[in-house]
Amino acid sequence: MCGIIGRVGDGNALESLLTGLENLEYRGYDSAGIAVQNGSGINVQKRSGKVEELKESIGEPLRGEVGIGHTRWSTHGPPTDANAHPHTDESEDVAVVHNGIIENYAALRERLVANGYAFSSETDTEVIPHLIQYYLDAGLDSETAFRQAIDELEGNYAITAMVSGEHVLYAARQGSPLVVGIEDGEYFLASDVPAFLEYTDSVVYLEDGDVVVVDEDGVEFTDLDGNPITRTSETVDWDPEQAGKGAYDHFMLKEITEQPTSLAQAIEGRIDPTNSRIALSDFEPGTFEEIDTVQFVACGTSYHAALYGSLILNQAGVRSTALLANEYSVSAPPTDDDTLVIAVTQSGETADTLSALRQATAEGARTLTVTNVVGSTAAREADDALFIRAGPEIGVAATKTFSSQAVILTLLGQRIASDRQGEPPADLESLLPELASMPGAIDDVLDDSDAAAIAERYEDSQAYFFIGRGLGYPVALEGALKFKEITYEHAEGFASGELKHGPLALVTPATPVFAIFTGEEDEKTLKNAEEAQTRGAPVVAVCPADHPAVEVADEHLEIADTDPDLAGLLANVQLQLVSYHAADLLDRPIDKPRNLAKSVTVE
Ligand code: F6R
């Protein structure tokens, strides 16, 4: 996730571009840059670091009435000055900012290099200015060159471009958000409304396939072929202060709601349901064929995702364990060079996890990190890194990054199993289409959830229990962790079958039990839930609509009927919503729970 801003109008664009970037920093903050048009062509200023650092480094005030800016969250290439946006062609005739992923960038880059175009970054984005320049060199006018270039891109994008000497911005949207802001004689393009809310509240939301041409006389809305389309403006009723959270009261709710997008980004270009293939291009075929054992190390929510990944691997026939990173120094199982140690960490900076990673390296294991942050310590220190592409997560409680971690670990697990066995696991054919439909299934949960009502009904409970079996177990642990950290109420997660081995003593009519059904021996989980219900506990079943548990339970949180490898992720979204609404009712500081920090850099 990155932030885009563009501005055309009278007067200097610099201030509104920098304000826009500051307002968008929640979308990415590892590098930033701007480009403005002035009498002597396009002037680009960009660097790694925060917008504040860019501002300080600009020095001589830049002048220009047209400009673009970008704040980056790295997906291709680390957060260096060279990889920061805007990107240009060699002669700086074309400047481009981009949010999303260009899937066919490698092929485009190869073709452009063969035609003599020289690249200076490791990003997928840089193909776009070169491609536009390629068509300008072929004699096309700027608008046609832009359209031709866009037509060749595969993947997700929101793009804004400008060409030297023109008072015009060109923009296109496919899968990544882009909005137009309209004020008398001044026009903005941005990833999100907060970028320009200080200047205008009149907004047009672009749709996939839209191409716009903006100059000081107005905005032309067209489809990719240049046919005019109608888009109407709306007035947004937002307080600029609140706008970093968009229309949401809390970043946590915003991030829960972002999961259809963040999951789509996580799997983009990495699965090929038509050919039943996992396309993790980061790894050559056979990369993992020598791996005998996999050890996951992680903390907190990332540990729950690691446990999820470990169960997937065991079920696929690969020996695997998930270990708390902070226990690794005292209880690490033996490793050798056929052991793969996978550090799962959203931030890539958790001290406990880094320490386990370093220990594994010292003991000769192969290492890999699954992380959200390109350029993080874990990404730099592990032998390999696989990025979950969830975008920045501001709320202290991890939400969207858990689902992205679990999905990426599911893909990685299937890939490791394929490499070791020399053929894809038998169930991959049915799993991949279900995986492709996950963003839609999460949307359905978000649209129809009864979580708010259930949180209210059980507001005065003494404790909250979460049970699950198989892949439902890490989800039960995660449901309880989320609940306790943001509500400050007592919550515990158990393997369903463990309830009768002790915890049942805690169960009363004042302890609701959330039972997660993933399709793995559900009849046993239902029996365990009934054992709690018999002792007076209300049972909330998290399961599909036609599941037998619906008849038995006191409450129901619905999820789609999907593959057991994925059902827990839908259940987790329901549980995130329950925790959120329960904490909201208690008026807790949801985004910053007491005593907790987003990144724990001490052991
Ligand atoms: C809980 C939470 C923490 C983190 C843990 C590890 O909501 O966010 O439990 O999961 O501190 O952090 P990372 O994933 O950055 O290593």
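Note that the structure is predicted; figures quoted are calculated from it, not measured.

A. How the structure looks around the overall build of the chain. Of the regular secondary structure elements, the chain holds 19 helices and 26 strands. Counting only C-alpha atoms, the chain reaches 75 × 55 × 45 Å along its principal axes. Looking at the 603 residues of the chain, the share that counts as buried comes to 60%. By sequence separation, contacts in the chain at least 24 residues apart represent 70% of the contacts at least 6 residues apart. Carbon and sulfur atoms provide 45% of the accessible area of the chain, an area that totals close to 22,400 Å².

B. Up close: the pattern of salt bridges. Inspection of the entire model under this criterion finds 21 salt bridges. The salt bridge partner of Arg277 is Asp272, with a shortest N-O separation of 3.7 Å. Note on Arg277: relative accessible area 44%, which makes it partly exposed. Between Arg588 and Glu489 there is a salt bridge, with the nearest N and O atoms lying 3.8 Å from each other.

C. Quick peek at the environment of Thr601. Mapping Thr601 onto the fold places it in the segment after helix H19 (564-585). Spatially, the C-alpha atoms of Thr601 and Asp352 are 7.8 Å apart, while their sequence positions differ by 249 residues. If we skip the residues at most four places from it in the chain, Thr601 touches Glu349 and Ala351.

D. Local environment of the nonpolar core. One finds Ile342 and Leu412 to be the most contacted residues of the largest nonpolar core, which totals 85 residues. Shared between two domains, this core takes at least three residues from each, and those domains are domain 2 (244-436) and domain 3 (448-603). If sequence neighbours within four positions are ignored, Leu412 has contacts with Leu280, Phe283, Phe288, Ile342, Leu368, Val370 and Leu386. Grouped together as the second largest cluster of nonpolar side chains are 27 residues, Ile102, Val127, Ile132 and Tyr170 included.

E. Representation of the site of the ligand within the structure. Of all residues adjacent to the ligand, which total 13 residues, the nearest are Ser302, Thr345, Ser347, Thr350 and Glu485. For the ligand, an oxygen atom lies 2.7 Å from a polar atom in the side chain of Lys482. Relative to its unbound accessible surface of 410 Å², the ligand loses 90% to contact with the protein. Of all the secondary-structure elements, those providing two or more residues to the shell around the ligand are helix H8 (300-315) and helix H16 (472-487). Of the residues in the shell around the ligand, the class split is 4 nonpolar, 7 polar and 2 charged.

Definitions and cut-offs
Residues numbered from 1 in each chain as written. Predicted model: local features only at pLDDT ≥ 70, side-chain atom pairs only at ≥ 80, totals over all residues. Heavy atoms only, no water. Helix = DSSP H or I, 4+ residues; strand = E, 2+ residues; numbered from the N terminus. Buried < 20%, exposed > 50% of the residue type's maximum accessible area, 1.4 Å probe, protein only. Contact = heavy atoms within 4.5 Å. Areas by Shrake-Rupley, 256 points an atom, 1.4 Å probe, with all protein chains shown as cover. Salt bridge = Lys/Arg side-chain N within 4 Å of Asp/Glu carboxyl O. Core = buried A, V, L, I, M, F, W, Y, C linked by side-chain atoms within 4.5 Å. Domains from an automatic or database assignment. Near = heavy atom within 4 Å. Polar contact = N/O pair within 3.5 Å; in protein donor to acceptor, adjacent residues only side chain to side chain. Nonpolar A, V, L, I, M, F, W, Y, C, P; charged D, E, K, R; others polar.

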